Amino acid sequence: MVIIDHRPIVKLRNYEVKKLGVNSDMHKFANPTRFMKIANAIFPYISIACIVSLVVGIYYAIFNSPPDYQQGDSVRIMYIHVPAAYIAVMIYMVIASASASSLIWKHPLSDIVARSSAPIGAAFTFLCLITGALWGKPMWGTWWVWDARLTSMLILFFLYMGYMVLLNAFDDPQRGVKPAAILALVGVVNIPIIKFSVDWWNTLHQPASLFKMDGPSVSPQMLLPLLIMIVAFTLFYMTLLIIRMRGEFAAAKIRSLYISGALK
Amino acid sequence: MNEFIQMGGYGLYIWPSYLIAAIIMAGLLIDSITTWRRQEKTLQNLKLIAKSDNVDIAKSDNVDIAKSDNVDIAKSDNVDIAKSDNVENNEANDKIQQKVI
Amino acid sequence: MSPYFAVIKRDLLLSYRQGADLVMVLAFFLIASALFPLAVGPDPVILGRIASGIIWVLALLSVMLSLDRIFHNDYDDGALEQMEISPQSFYLIILAKIIAHWITTGIPLIILSPIIAIMLNLDNDAFITMILSLAIGTPILSLIGAIGAALSLGARRAGLLVAMLVLPLYIQILIFAISAIDASINNFPVRPHLLFLAAILAAALPLAPLAAAASIRQAFE
């Protein structure tokens, strides 16, 4: 059987890329072992900070913040809903950047970061949608409404699902990495729609009050628990990311053991 | 106490929100840790197997295959082809065999 | 220019010879749209209100079902690989294939849509807008669908996978198209909505073949 071998051409390109990038700062972290050493070193601090900020944030959210003059106590759902939404979008940007880095510079860590982050982002998007529904029922009288922001967050959830499905859709487990990276980049168009949907359309969802041009318009007593919860969720994401990356590295080592023929 | 749970009438929505958040985050944590532990365990087991078997495998299996199979095939096939078919066919077959991975 | 016209001609000839493919897409459009009066009841008022939605959702699904025709057959028999390593610009070849796909899928849908609209009792004011929205929208569907088809080359269950990948991106197009048709029914200006659709088309036209070409290239590595 004659097999046309494309590899020489590709290897040439790979070689060129390696030559260009070898001295840049970014590639200091390209060495997986070194990265894992740094990650393992900071892991205890990050996990403890995460637990502390979660406890402090929830204490402030439930016990130490005032009820809203319009929405009453139901505003306490905001301390879960808004950080979850922020994390969901931020993780998608991380995945998109990692995908770009993996496709353009073939950075070896990028696809591991992207693959590990996806389930976390999907879970937080789901949490955002659920808490949003639980907040909307007493406030708007309905569990769901098809306005611009809710629909685009739902699209974000579908994009996460599609990304994870595409990663595992091929018989060869490594084959799905590049298509998933391309999908992540194509889906980036959804992010500005999420951010600006409340400005572009008349929606039921309230307009931006945190990340505005002239600063947040939330009262300071509510702003503090909100920011603490955002920090807490971010630290939680970083903790989970390190744990998942350890698992991915172990899986990669297993794969290379099989490939190198050390096992039969 | 009851007032605290009711939360001004919204308790029915607030507490499930926090509960679902806790469940989802705990679930993510447990899933991540168990996957990691499982992969590490498999890795350790495979490393042990690789260490114990490697010496035998490297010498016994590979050498047998290299010597017994290849040489037989190389000799038997080529000779048949060279004699029965055209010389051009033989050269073409050689080129194809070089490209076969 | 002529190699790319040759690609379009080749794809058109292939789909003409496998006439069954084209007929299946149209038959699905027709039969599925007949399901709705049966399911929702023949009341013309209700049907008229959801007619635009039915037509657009079915157009979406028909395009999605026909997406495996763009790349998969050529991928399976090696023609796509030959196109990739040929000296012609792969990006333009992909664009030519997408144009051919639109000619064989989008245009028949546009032609069939007034018949479906009459069946579903669409408002008279909305006819022109519906045809216009389909005319601008179906090329976008082909373009974005080509990205999905390219990403799923060689995957298990490629058909369902393409649906999962492509539907989130289709949702936005659907929203704009339906808002255009609704605006025409309620006597609001239609132009802004159609301009939005045209803007999406203008953005997708250069970018979608780029993403599709990149996906196909990495499928061959």
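Residues numbered from 1 in each chain as written. Chains lettered and ligands numbered in written order. Predicted model: local features only at pLDDT ≥ 70, side-chain atom pairs only at ≥ 80, totals over all residues.

Draft legend 1. Structural context of the overall build of chain B. In terms of helices and strands, chain B carries three helices and zero strands. Considering chain B as a whole, with its 101 residues, one finds that 8% of them fall into the buried category. (Helix = DSSP H or I, 4+ residues; strand = E, 2+ residues; numbered from the N terminus. Buried ≥ 20, exposed ≤ 12 C-beta atoms within 10 Å, placed from the backbone.)

Draft legend 2. Representation of the interface of chain A and chain C in the model. Contact residues are listed per partner, giving 19 residues for chain A and 19 residues for chain C. Examining the composition of the side of chain A that touches chain C, we find that eight residues originate from one element, helix α5 (residues 148-167) of chain A, more than from any other. Taken together, the residues of the side of chain A that touches chain C break down into 14 nonpolar, three polar and two charged. (Contact = placed C-beta atoms within 7 Å. Nonpolar A, V, L, I, M, F, W, Y, C, P; charged D, E, K, R; others polar.)

Draft legend 3. Structural view of the packing of helix α3 (residues 78-104) of chain A against helix α6 (residues 177-186) of chain A. Residues and elements named next belong to chain A. Between α3 and α6, whose axes approach to 8 Å, the crossing angle comes to 130°. Relative to α6, the element α3 is oriented oblique. Here α3 and α6 pass one another in a crossing that is left-handed. Contacts from I95, A96, S99, A100, S102 and L103 of α3 reach α6 at K178, A181, A184 and L185. Considered class by class, the residues forming the contact of α3 with α6 number seven nonpolar, two polar and one charged. (Axes fitted to C-alpha atoms, helices over the stretch in contact; angles between N-to-C directions. Parallel < 35°, antiparallel > 145°, perpendicular 65-115°, else oblique. Left-handed = near helix turned anticlockwise from the far one by under 90°.)

Draft legend 4. Focus on the nonpolar core. Of all hydrophobic cores here, the largest spans 147 residues; its most connected members are A88 of chain A together with I144 and A146 of chain C. With 18 residues, helix α8 (residues 220-259) of chain A is the single largest residue contributor to this core. If we skip the residues at most four places from it in the chain, A146 of chain C touches I70, I94, I98, A208 and A212 of chain C. (Core = buried A, V, L, I, M, F, W, Y, C linked by C-beta atoms within 7 Å.)

Draft legend 5. Fine view of the packing of helix α2 (residues 19-40) of chain C against helix α6 (residues 90-119) of chain C. Residue and element names in this part refer to chain C. Taken N-terminus to C-terminus, the directions of α2 and α6 make an angle of 25°; their axes are 10 Å apart at the nearest point. Classified by the angle between their axes, α2 and α6 sit roughly parallel to one another. Judged by the twist between their axes, the crossing of α2 over α6 is right-handed. Across the interface between the two elements, L22, V25, L26, F29, L30 and S33 from α2 touch T104, T105, P108, L109, L112, I116 and M119 from α6. Residue composition of the contact of α2 with α6, grouped by class: 10 nonpolar, three polar and no charged.

Draft legend 6. Inspection of the confidence of the model for chain B at higher detail. All names here are of chain B. The pLDDT averaged across chain B works out to 66; a share of 50% of its residues lies at or above 70. Model confidence for chain B, summarised as mean pLDDT per element, is weakest for helix α3 (residues 87-99) at 47 and strongest for helix α1 (residues 2-6) at 73. When the criterion is pLDDT under 50, residues 55-94 qualifies, and its contacts beyond four places in sequence or with other chains add up to six contacts. When the criterion is pLDDT under 50, residues 96-101 qualifies, and its contacts beyond four places in sequence or with other chains add up to five contacts. Reported for the predicted complex are a pTM of 0.78 and an ipTM of 0.81. (pLDDT = per-residue confidence, 0-100.)

Draft legend 7. Representation of α6 of chain A within the structure. Burial of α6 of chain A is extensive: nine of the 10 residues sit out of reach of the surface. Within the sequence span of α6 of chain A, burial applies to V177, K178, P179, A180, A181, I182, L183, A184 and V186 of chain A. Check the buried side of α6 of chain A and you find it contacts α3, α4 (110-140) and α5 of chain A together with α7 (126-151), α8 (158-185) and α9 (191-219) of chain C.

Draft legend 8. Main features of unusual backbone geometry. Within the chain, K106 of chain A stands out as a residue other than glycine whose phi angle is a positive 55°. Judged by C-beta crowding, with 15 C-beta atoms within 10 Å, K106 of chain A ranks as partly exposed. The backbone phi angle of N187 of chain C is positive, close to 60°, even though this residue is not glycine. A count of 8 C-beta atoms within 10 Å places N187 of chain C in the exposed class.

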